[in-house]
Amino acid sequence: MSPTTDCNPKVETPSGPAERLAAQLSSMLPEVAVVQVRLQGPRTLWPHLGLTAVNASGRTLRVPRAKAVTIARWIIRSFPQAGWAASGGHAFDLRTAELRGLEA
């Protein structure tokens, strides 16, 4: 065994696609705990991506529009089975990599 074997421990990498997405979004949005995504905005009758970033204490954080739309698209494409059109939106928890429906 080489004396340098223990010098570079392997970094734990996320296993599934949801975990990888959560890790990537956590690095892009360091203070955010949950990202809420809706296909229909609160003031529009047509499909319009909406994203709300919430920190661990429940406070809403501002995300620039271009970044919000990009992240919303990533989440929607990562979970196509979630029934986005029929729902009021979903929340993606960046800490647990779980997607759940938004309560009305």
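This text follows the structure it describes.
Just so it is clear, the structure is predicted and the values come from calculations on it, not from any experiment.

**Considerations on the environment of Gly-88**
So, step 1. With respect to the element layout, Gly-88 can be found in the loop between helix H2 (65-78) and strand S4 (90-93).
So, step 2. Taking relative accessible area as the criterion, Gly-88 reaches 57% and is therefore assigned exposed.

**Overview of unusual backbone geometry**
So, step 1. The phi angle at Ala-97 is positive, at roughly 60 degrees, despite the residue not being glycine.
So, step 2. Relative to the assigned elements, Ala-97 resides in the loop between S4 and strand S5 (98-101).

**Here's the deal with H2**
So, step 1. The end-to-end C-alpha distance of H2 is 20 Å, a good match for the 20 Å that 14 residues give at a rise of 1.5 Å each.
So, step 2. Here H2 has its buried residues at Ala-68, Val-69, Ile-71, Ala-72, Ile-75 and Ile-76. What you see down the axis of H2 is that its buried residues fit within an arc of 165 degrees, all on one side. Residues Ala-66 and Arg-77 are exposed on H2 and point more than 90 degrees away from its buried face.

**Concerning the nonpolar core**
Burial of nonpolar side chains together is a common tendency in soluble globular proteins.
So, step 1. Residues Val-35, Val-37, Leu-51, Ile-75 and Phe-92 are the most contacted members of the largest nonpolar core, which totals 24 residues.
So, step 2. Among the elements of the structure, helix H1 (17-28), strand S1 (34-40), strand S2 (47-54) and H2 are those that each provide at least two residues to this core.
So, step 3. Take this core: its biggest share by element is six residues, from H2.
So, step 4. What Val-37 contacts, discounting residues up to four positions off in sequence, is Gly-50, Leu-51, Ala-72, Ile-75, Ile-76, Trp-84, Gly-89, His-90 and Leu-102.

**Things to note about the side chain of Asn-55**
So, step 1. Mapped onto the elements, Asn-55 comes out in the loop between S2 and strand S3 (60-61).
So, step 2. Take Asn-55: its relative accessible area is 15%, and that puts it in the buried class.
So, step 3. Within the structure, the side chain of Asn-55 is placed 3.0 Å from the side chain of Ser-57, a separation counted as a polar contact.
So, step 4. The contacts of Asn-55, once residues within four sequence positions are left out, are Glu-31, Val-32, Ala-33 and Leu-61.

**Digging into the pairing of S5**
So, step 1. Relative to S5, S4 runs antiparallel, the two sharing four bridges. Paired with Phe-92 across the two strands is Leu-99, which belongs to S5.
So, step 2. A loop of four residues connects S4 with S5, the two strands running antiparallel in sequence, and Ala-97 in this loop sits at a positive phi of about 60 degrees.

Procedures and definitions
Just so you know, the residues in each chain are numbered from 1, in the order the chain's sequence is written. Only residues with pLDDT of at least 70 get local features here, since the model is predicted, and only at 80 or more are side-chain atom pairs given and counted; chain-wide, interface and lining totals rely on the full set of residues. Note that the side-chain values use all heavy atoms of the structure and ignore hydrogens as well as water. Counting from the N terminus, the helices are DSSP H or I runs at least four residues long and the strands are E runs at least two residues long. Only protein chains enter the accessibility calculation, which uses a 1.4 Å probe; a residue is then buried when its area is under 20% of its type maximum, exposed when over 50%, and partly exposed in between. Multiplying 1.5 Å by the helix residue count minus one yields the expected span of that helix. The directions from the helix axis to the C-beta atoms form the arc being described. Among buried residues, the Ala, Val, Leu, Ile, Met, Phe, Trp, Tyr and Cys ones that are joined through side-chain atoms within 4.5 Å form a nonpolar core. It only takes one pair of heavy atoms within 4.5 Å for two residues to be counted as in contact. Pairs of N or O atoms within 3.5 Å make up the polar contacts considered here, provided that, within protein, one atom can donate a hydrogen while the other can accept it, and that residues adjacent in sequence are counted only when both atoms are side-chain atoms. A pair of strands is considered paired only if DSSP assigns at least 2 bridges between the two.

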